[in-house]
Amino acid sequence: MDLKDKLISSFMAFENNVDVEHPVHDVRMAAIKNFEEKGFPSKKEEAWKYTSLNNIQKIDFSIFPKEENALEYKDVKRYFIHEIDTYKIVFVDGIYSSYLSETTHDGVDICLMSAALTKPMYKPVIDVYFNKVASKDESLTSLNTAFSREGAYIYIPKNKMPKKPIEILHFSTGNEASLLLQPRNLIVVEENAEVQIIERHQSLTSNEVLTNAVTEIFAAKSAIVDFYKIQNDAPTASLIDNTYIDQKDKSLVKVHTFSFGGKLTRNNLNFYQNGEYIDSTMKGVTILGEKQHVDHHTLVHHIEPNCESHQDYKGIYGDASTGVFNGKIIVDKIAQKTNAFQQNNNILISDKASINTKPQLEIFADDVKCSHGCTIGQLDEDALFYLQSRGIPQKEARALLMYAFANNVLSSVRIPELKIRINKLIAEKLGVNLGFDL
Amino acid sequence: MLKINDLHANVDDKEILKGINLEVKAGEVHAIMGPNGSGKSTLASVIAGNENFEVTQGSIELSGEDLEDVSPEERAHKGVFLSFQYPVEIPGVSVTNFMKTAINESRKAKGLEDMPAKDMLKLIREKSELLEIDRKFLSRSLNEGFSGGEKKRNEIFQMAMLEPKVAILDETDSGLDIDALRIVASGVNKLKSKDNAVILITHYQRLLEYIVPDYVHVLHNGKIVKSGGKELALELEEKGYDWLKQETAV
Ligand SMILES: Nc1ncnc2c1ncn2[C@@H]1O[C@H](COP(=O)(O)OP(=O)(O)O)[C@@H](O)[C@H]1O
Ligand SMILES: [Mg+2]
């Protein structure tokens, strides 16, 4: 049985374990129908031209993990930003781990999607927001919606800000030979509220994992959201991340994506500007080696006037790694005075590595400022010589230059300990110890 | 200390250095002057080991050791230093961290442990005072957004930190105002000793009033066409370089 059939048939088993009377279940049923019609995207589709899911579909994934596997904090501590205090929503093989988590209901709700989807007190929020910005058309989003049951639920009321950043961590323990995870997150940040979130998927063994995640973020008027995605997973872990963001007047949402590992990673990052004076920022650092593949698909839809969007993605590709950057910007006719910037710079450090980069602009308004630039290059030889002439060996000199190249993206990370962590990951990825924390 | 014999170097199959002979002994200061495009920066780069230039003939010896096939970093470890005409910007890496890396890599190459943090701080303080560099300056990203003068001063700060045997200063004076020039020159003079040597590449006599050379060489079209004492620099200042064209035409 192929993966699609297996998923469709397991939907019935899934229904035995959820409340089919809840209105959310109508949403799930519509979604499974859409997935059934469309199936997995193929390379024939323009948006999937450079990323093939064929091999993934050959894997016999377990869709519901059979047993729980407890993790010791000390064994996974290094995946947390443990230098600082954080709220934590932690899942082990898709199942919530209360032992590793630290949730709260103190003025804000930082808890579980499973609770939000079942308990009456959350119903008003679910009714207004659940599946409202996520695509009903895109098949993998529909697949996630159909099986939506667990994930992070974050609700920040008006004028509030949680006392500390929130970490969402997904561990897979290798309990199953191959595991499919479909976390579903909902993040609602009300007027003038603020939140910082760090998300990470981590496979702890060499068993296959596929994560098909959907995150919906709603930023109300003047809300501020900082979202950091750390993608440094095992070589047998693949991720399809679908993030949808709805922004209202004067809100400020920044998403940083750090892609350093995993087998196949596809980031679908979609911003919808439903208001004026909105700022949307997407930044990414991608450093790949071996046969890793990362595909960044971004979309910013400028729907109203006077908004800005900023995209800055840096990529460093070594070995036989491959990358894709596809940045789509739509400016509606009424969205005058839009400022849309997009930058994608890449360095290829191996002959076998490759990157496909493409801006896609659909501009229907006339009074807009829109700039975009893609570059593909090698390391600057003069700069390399400069560093070497100071006694820094070539390998370390190259690493410093790559770090400098990516630095612009790092400068906007607002959690210092996270920045240090990212720097360490970069040094690790580049295989150097520079004798100081980058 | 540094001995250059019949050095020829190419870039992209074009010959730029066409037979340079130069000997610099410990304790000496040599000035290399000459019109734009004569090959001064190329000579400096080739001494420092820049692999973009191909040495086709001749040799460079440092304290009797042939530097052929010695990488730029190894040359640095052996005591070669080049103050760049155009220093490179390295965003995200502070001056301090850069110097820590450079010094510890050099120590590592010599089989030494990393310099203890306390000693490093002391050294940085001492050398930054020598060049009247503000502490805040040291935490800025290397050369990023530095003015021309700041970049040059920072180059000499690096020289002070690394204490090379042979320092080549490529147009360190250009872009410096008179106060900065004085600070930089006095820094270089303080670093001078009987055990090291300095090669000053410059267009102007101005710098040579502060750092007095033992020898002055004129480089033209990839060759040293004239050498003399410090009075040659004055002569060049007066006459310009037009006479070179006639002389080489003859
Ligand atoms: N990387 C290079 N590629 C091509 N030509 C070069 C390169 N570097 C220097 N040159 C050429 O070599 C000659 C000498 O340049 P340079 O050494 O910079 O002179 P100077 O420092 O005396 O002004 C010039 O004609 C210059 O154009
Ligand atoms: Mg020059």
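Here is what the cut-offs are and how they apply
- Every residue gets a number counted from 1 within its own chain, in the order that chain's sequence is written.
- For naming, the first written chain is A and the first written ligand is 1, with later ones following in the order written.
- Totals for whole chains, interfaces and linings use every residue, but because this is a predicted model, local features are given only for residues with pLDDT of at least 70 and side-chain atom pairs only at 80 or more, for both listing and counting.
- The basis for every side-chain value is the complete set of non-hydrogen atoms in the structure, without hydrogens or water.
- Grouping into patches uses exposed residues only, defined as over 30% relative accessible area, and leaves out salt-bridged ones; the cut-off is 9 Å for like charges and 5 Å for nonpolar side chains (Val, Leu, Ile, Met, Phe, Trp, Tyr).
- Only the protein chains shown count as covering a residue, and every accessible area follows the Shrake-Rupley method with a 1.4 Å probe.
- A carboxyl oxygen of Asp or Glu within 4 Å of a side-chain nitrogen of Lys or Arg is what we treat as a salt bridge.
- The convention is simple: Lys and Arg are positive, Asp and Glu are negative, and His and the chain ends are not counted.
- Throughout, a charge is located at the NZ atom of Lys, the CZ atom of Arg, the CG atom of Asp or the CD atom of Glu.
- Labels follow the DSSP assignment, with helices taken as runs of H or I lasting at least four residues and strands as runs of E lasting at least two, numbered in each case from the N terminus.
- The buried label goes to any residue with under 20% of its type's maximum accessible area, the exposed label to any with over 50%, and the partly exposed label to all in between, with areas taken from a 1.4 Å probe on protein chains only.
- Between two residues, a contact is recorded if the distance between any of their heavy atoms is within 4.5 Å.
- Whenever a nitrogen or oxygen atom comes within 3.5 Å of another N or O atom, the pair is scored as a polar contact, on the condition that within protein one atom can donate a hydrogen and the other can accept it, and that pairs from neighbouring residues in sequence are kept only if both atoms are in side chains.
- Any residue outside Ala, Val, Leu, Ile, Met, Phe, Trp, Tyr, Cys, Pro, Asp, Glu, Lys and Arg is labelled polar, Gly included; the first ten of those are nonpolar and the last four are charged.
- Near residues are defined by distance, with any heavy atom within 4 Å of the molecule or strand qualifying the residue.
- Pairs of strands are assigned from DSSP output, requiring at least two bridges between the strands.
- Every angle, taken between N-to-C directions, lies between 0 and 180 degrees, and every axis is a line fitted to C-alpha atoms, over only the stretch in contact when it is a helix.
- We define a nonpolar core as any set of buried Ala, Val, Leu, Ile, Met, Phe, Trp, Tyr and Cys residues linked to one another through side-chain atoms lying within 4.5 Å.
- For each domain, the first and last residues come from an automatic or database assignment.
- Here the buried area means the combined drop in accessible surface, using a 1.4 Å probe, for two parts upon being joined, counting both sides.

Q: Looking at this structure, how should I read a negative patch on the surface?
A: Residues and elements named next belong to chain A. Residues D2, D5, E36 and E37 make up a contiguous surface patch of negative charge. The residue D5 is located in helix α1 (residues 3-15) in this model. Take D5: its relative accessible area is 40%, and that puts it in the partly exposed class.

Q: Help me understand the interface of chain A and chain B in this model?
A: Often, the extent of an interface is quoted as the loss of accessible area on bringing the components together. Listed by partner, the interface residues are 22 residues for chain A and 30 residues for chain B. Across the chain A-chain B interface, the total number found is 1 salt bridge. Where E155 of chain B meets R390 of chain A, a salt bridge forms, and the shortest distance between an N and an O atom there is 2.6 Å. Remark: the boundary between chain A and chain B carries 9 residue pairs in polar contact (both at pLDDT 80 or more). Class assignment of the residues belonging to the side of chain A that touches chain B gives a composition of 12 nonpolar, 5 polar and 5 charged.

Q: Help me out: how do you make sense of the pattern of salt bridges in this one?
A: Pairs may arise between side chains of opposite charge once their charged atoms sit close together. Enumeration according to the criterion identifies 29 salt bridges over all chains in this entry. A salt bridge links D75 of chain A to K74 of chain A, with the shortest nitrogen-to-oxygen separation between them at 3.4 Å.

Q: Any chance you could explain a positive patch on the surface here in plain terms?
A: Residue and element names in this part refer to chain B. A contiguous patch of positive charge, built from K118, K122, R125 and R135, is present on the exposed surface. Along the polypeptide, R125 turns up in helix α4 (residues 117-130). The exposure class assigned to R125 is partly exposed, which follows from its relative accessible area of 40%.

Q: In this structure, what is going on with the site of ligand 1? I would like to understand it.
A: Residues and elements named next belong to chain B. Neighbouring residues of ligand 1: V11, K14, I16, P35, N36, G37, S38, G39, K40, S41, T42 and F53. Note that an oxygen atom of ligand 1 is positioned 3.2 Å from one of the backbone N or O atoms of S38. One nitrogen or oxygen atom from the main chain of K40 is found 2.9 Å from an oxygen atom belonging to ligand 1. Contributing elements (two or more residues each) for the shell around ligand 1: β2 (14-24) and α1 (40-48). Residue contributions to the shell around ligand 1 peak at 3 residues, all from α1. Broken down by class, the residue content of the shell around ligand 1 amounts to 4 nonpolar, 6 polar and 2 charged.

Q: Please clarify how unusual backbone geometry should be interpreted in this entry.
A: Backbone phi values are negative for most residues with the exception of glycine, while trans is the configuration of most peptide bonds. Phi angles above zero are rare outside glycine, and N306 of chain A is one such case at about 65 degrees. Residue position: N306 of chain A is located in the loop between β15 (293-302) and β16 (308-317). Of note, the phi angle at E163 of chain B is positive, near 45 degrees, even though the residue is not glycine. What makes E163 of chain B exposed here is its relative accessible area of 54%.

Q: What am I meant to see in the sheet that holds strand β12 (residues 223-228) of chain B here?
A: Residue and element names in this part refer to chain B. Spatially, β6-β9-β10-β3-β11-β12 is the arrangement adopted by the 6 strands of the open sheet, whose pairing is mixed. Each edge of the open sheet is held by one strand with a lone partner, namely β6 (80-83) and β12. Ignoring strand direction, the axes of neighbouring strands in this sheet form an average angle of 20 degrees. Here helix α6 (residues 148-162) sits on the sheet and contacts β6 and β9 (166-170); the angle it forms with β6, its principal contact strand, is near 165 degrees. Lying over the sheet, helix α9 (residues 231-239) contacts β3 (29-33), β11 (215-220) and β12, oriented at roughly 45 degrees with respect to β11.

Q: Can you help me understand the nonpolar core in this one?
A: Soluble, globular proteins show a tendency: their nonpolar side chains are buried together. Within the largest apolar cluster, 116 residues are counted, with the highest numbers of intra-cluster contacts made by F258 and L418 of chain A together with L2, I4, F98 and F157 of chain B. Among the elements that take part in this core, helix α9 (residues 394-410) of chain A stands out by supplying 11 residues, more than any other. Aside from chain neighbours lying at most four places away, what touches L418 of chain A is I81, I198, Y228, I230 and V413 of chain A. Ranked by size, the runner-up nonpolar core spans 54 residues in total, among them I89, Y122, V125 and F227 of chain A.

Q: Help me understand the domain arrangement of chain A in this model?
A: Residues and elements named next belong to chain A. For chain A, the assigned domains read domain 1 (3-274) and domain 2 (391-438). Taken over C-alpha atoms, the centre of domain 1 sits 29 Å from the centre of domain 2. At the junction of the two partners, domain 1 supplies 20 residues and domain 2 supplies 13 residues. The junction of domain 1 with domain 2 conceals about 1,500 Å² of combined surface from both sides, 64% of it contributed by carbon and sulfur atoms. Counting across the domain 1 and domain 2 interface gives 3 salt bridges. As a salt-bridge pair, E194 and R414 come within 2.9 Å of each other at their nearest N and O atoms. Summed over the shared surface of domain 1 and domain 2, the result is 8 residue pairs in polar contact (both at pLDDT 80 or more). Of all the secondary structure elements, the ones that give two or more residues to the side of domain 1 that touches domain 2 are β8 (194-203), β10 (224-231) and β12 (252-259). Considered class by class, the residues forming the side of domain 1 that touches domain 2 number 11 nonpolar, 5 polar and 4 charged.

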